[in-house]
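# Summary of structural features
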Amino acid sequence: QVQLVESGGGLVQAGGSLGLSCAASGTIIRIRTMGWYRQAPGKERELVAIATSGDSTDYADSVKGRFTISRDNAKRTVHLQMNSLKPEDTAVYYCYARLLHYRGENDYWGQGTQVTVSS
């Protein structure tokens, strides 16, 4: 069974930094895309950052210049380094991956990790 395992998250003061990691496990042929979404209370889920198999990256305008996404295909991991955190970054952060495996190609989601930024 393919699954995503997240680590990181926590409580940090405004202006601080935090790192999130996600690892894909199982029999995976190819990682198409890995990235991060977030959902704040009462808000819709939104894209934070994404990294494709071609090593291209994309960021939400609200996090550009503050967050950095990186991907390690050998380790099947994606990392999100979050700097200069703001209270509005408070949300549940979800790891996302589109994976090619022996049964086909599907989207997968982590369980989510809470990030809380205090003012």
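Data block above holds the structure.
Keep in mind that this is a model prediction, so the values were computed, not measured.

### Looking at the sheet that holds strand S7 (residues 67-72)
- Strand order in this open sheet of 4 strands is S1-S3-S8-S7, and the pairing throughout is antiparallel. In this open sheet, the two edge strands, each paired with only one partner strand, are strand S1 (3-8) and S7. Between one strand and the next, the sheet's axes are offset by a mean angle of 15°, whatever the strand orientation.
- Pairing of S7 with strand S8 (residues 77-82) involves 6 bridges; the strand directions are antiparallel. Along S8, the bridge assignment pairs Ile69 with Leu80.

### Observations concerning the pattern of salt bridges
- Enumeration according to the criterion identifies 7 salt bridges in this entry.
- Between Arg38 and Asp89 there is a salt bridge whose closest N-O contact spans 3.0 Å. Of this pair, Arg38 sits in strand S4 (residues 28-39) while Asp89 sits in the loop between S8 and strand S9 (91-101), placing them 51 residues apart in sequence. Taken individually, Arg38 and Asp89 each receive the classification buried, so the pair is uniform in this respect.
- Note that Lys64 is salt-bridged to Asp61, the shortest N-O span being 3.1 Å.

### Concerning the state of the cysteines
- Counted according to the given criterion, the structure contains 1 disulfide.
- The disulfide partner of Cys22 is Cys95, and the gap between their sulfur atoms is 2.0 Å. Its S-S torsion of approximately -85° makes the covalent link between Cys22 and Cys95 left-handed. Remark: Cys95 occurs in strand S9 and Cys22 occurs in strand S3 (residues 18-25); sequence separation between them is 73 residues.

### Points about the nonpolar core
- Trp36, Leu80, Met82 and Tyr93 are the most contacted members of the largest nonpolar core, which has 31 residues in total.
- Every element with two or more residues in this core is listed here: S3, S4, strand S5 (46-52), S7, S8, S9 and strand S11 (113-118).
- In terms of residue count, the dominant contributor to this core is S9 (5 residues).
- Those residues in contact with Met82, other than ones at most four positions away along the chain, are Gly16, Ser17, Leu18, Leu20, Arg66, Phe67, Tyr93 and Val115.

So, how was this worked out
- Residues numbered from 1 in each chain as written.
- Predicted model: local features only at pLDDT ≥ 70, side-chain atom pairs only at ≥ 80, totals over all residues.
- Heavy atoms only, no water.
- Pairing = 2+ DSSP bridges.
- Helix = DSSP H or I, 4+ residues; strand = E, 2+ residues; numbered from the N terminus.
- Axes fitted to C-alpha atoms, helices over the stretch in contact; angles between N-to-C directions.
- Salt bridge = Lys/Arg side-chain N within 4 Å of Asp/Glu carboxyl O.
- Buried < 20%, exposed > 50% of the residue type's maximum accessible area, 1.4 Å probe, protein only.
- Disulfide = S-S within 2.5 Å.
- Core = buried A, V, L, I, M, F, W, Y, C linked by side-chain atoms within 4.5 Å.
- Contact = heavy atoms within 4.5 Å.

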